[in-house]
Amino acid sequence: MNQSHPAITVVIPTHNRASFLKRAIDSVLSQTWKDFELIIVDDASTDNTAEIIRSYYDSRIVYIRHQENKGGSAARNSGILQAKGRYIALLDDDDEWAPTKLEKQFIKFQDVSEKVGIVYSGFEVKDQDRKVIERRLPECKGNLYMRLLERNMIGGSSTPLIKRECFDAAGLFNESLRSCQDWDMWLRISKLYEFDFVPEIGTNIYLHG
């Protein structure tokens, strides 16, 4: 791995989720794909988030801390702006990846058209006892703009692997939106790029509180 030019940048935005954060970080460090940097953006947490992050001794981890709480979109944007990778993967601090997620998405990118900007995967929604509440495998690829106007079939921000250039072309996450920031982003990217998928479950999305 070339640490100055990793293939993938993983961005975890977090705020007062120390009890979940370790699970997310561990799922990144357990990936079969090793050529990545992990940027954790602490959005002014007041719990022991910093302590959790500093307990890891891995040169691939970059820790950024906001001095004031700016929201999830701003935290994601801070990570994206610092990213060195050609591809970016976002992981919410309370979600978890399957070990082969990044590897299979990266390999998929090598086999698809240059027009593809996002390769996403399926996901399961679970409760904190790991009981599966919903399971969704991807079905749609190509130009998804009209389909995305109807529904967000990509899922949350934790499911796709995204070309870095997509953010240069479509812009960063809209920090003024109170919800559906990821759906807004997929819509903007879909105007400029096509989508493809890996037909497997790559992400566990946890419900709580």
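My aim in this report is to walk through the structure given alongside it, one point at a time. On a predicted model such as this, the values are computed, not experimentally measured, just so you know.

This part covers the side chain of Ser73. Along the chain, Ser73 turns up in helix α3 (residues 72-82). For Ser73, a relative accessible area of 3% puts it in the buried group. Once you skip the residues sitting within four places of it in the chain, Ser73 turns out to touch Phe173, Asn174, Glu175 and Gln181.

What follows covers the environment of Val28. Following the sequence through the fold, Val28 ends up in helix α1 (residues 18-29). Looking at Val28, the relative accessible area reads 0%, which means it is buried.

With that out of the way, let us pick up the packing of aromatic side chains. Overall, the coordinates contain six aromatic pairs when judged by the stated rule. When the centroid spacing of 4.7 Å and the interplanar angle of 40° are considered together, the rings of Tyr87 and Phe109 count as tilted. Here Phe109 lies in helix α4 (residues 101-109) and Tyr87 lies in strand β4 (residues 87-90), a separation of 22 residues in the sequence. In terms of burial, Tyr87 and Phe109 fall into one category: buried. Ring centres of Phe167 and Phe173 lie 6.2 Å apart, and the angle between their planes is 40°; on these two criteria the pair is classed as tilted. For the residue pair Phe167 and Phe173, the accessibility class agrees, reading buried in each case.

A separate point is the nonpolar core. Core analysis: the largest hydrophobic core is formed by 30 residues, its most contacted members being Ile8, Ile12 and Leu38. Looking at this core, the elements with two or more residues in it are β1 (8-14), α1, β2 (36-42), α2 (49-54), β4, α4 and β6 (116-126). Among the elements that make up this core, the one with the highest residue count is α1 (six residues). Beyond its immediate chain neighbours, meaning those up to four positions away, Ile8 contacts Trp33, Asp35, Phe36, Glu37, Gly85, Tyr87, Ala89, Leu102, Phe106 and Leu161. Listed in part, the 28 residues of the second largest apolar core include Ile64, Ile162, Phe173 and Tyr193.

Phi at Asn16 is positive, roughly 50°, even though this residue is not glycine. Judged by relative accessible area, which is 33%, Asn16 ranks as partly exposed. Positive phi values are uncommon outside glycine, yet Ala44 reaches one of about 60°. You can see Ala44 is positioned in the loop between β2 and α2.

This part takes up the pairing of β4. The alternating pattern of β4 places Tyr87 and Ala89 on one face and Ile88 and Leu90 on the opposite face, and all of these are buried. As defined by bridge partners, β1 adjoins β4 across four bridges and the pair is classed as parallel. In the sheet register, Val10 faces β4, and the bridge partner there is Ala89. Alignment of β4 against strand β8 (residues 161-163), held across three bridges, turns out to be antiparallel. Within β8, the position partnered with Tyr87 by the bridge is Lys163.

Counted by the stated rule, this structure contains 15 salt bridges. Ionic pairing is found between Asp92 and Arg76, a salt bridge with its closest N-O pair at 3.1 Å. With Asp92 in the loop between β4 and β5 (95-97) and Arg76 in helix α3, the pair connects residues that are 16 residues apart, well separated along the chain. This pair shows no difference in class: Asp92 is buried, exactly as Arg76 is.

With that settled, consider the environment of Leu81. Turning to its location among the elements, Leu81 is positioned in helix α3. Residues Leu81 and Asn69, 12 residues apart in the sequence, show an inter-C-alpha distance of 18 Å. Non-local contacts of Leu81, meaning those with residues more than four positions away in its chain, are made with Arg164 and Leu172.

What counts as what
- Residues numbered from 1 in each chain as written.
- Predicted model: local features only at pLDDT ≥ 70, side-chain atom pairs only at ≥ 80, totals over all residues.
- Heavy atoms only, no water.
- Helix = DSSP H or I, 4+ residues; strand = E, 2+ residues; numbered from the N terminus.
- Buried < 20%, exposed > 50% of the residue type's maximum accessible area, 1.4 Å probe, protein only.
- Contact = heavy atoms within 4.5 Å.
- Phe/Tyr/Trp six-rings, centres within 6.5 Å; stacked < 30°, edge-to-face > 60°.
- Core = buried A, V, L, I, M, F, W, Y, C linked by side-chain atoms within 4.5 Å.
- Pairing = 2+ DSSP bridges.
- Salt bridge = Lys/Arg side-chain N within 4 Å of Asp/Glu carboxyl O.

Nothing here speaks to function; it is geometry throughout.
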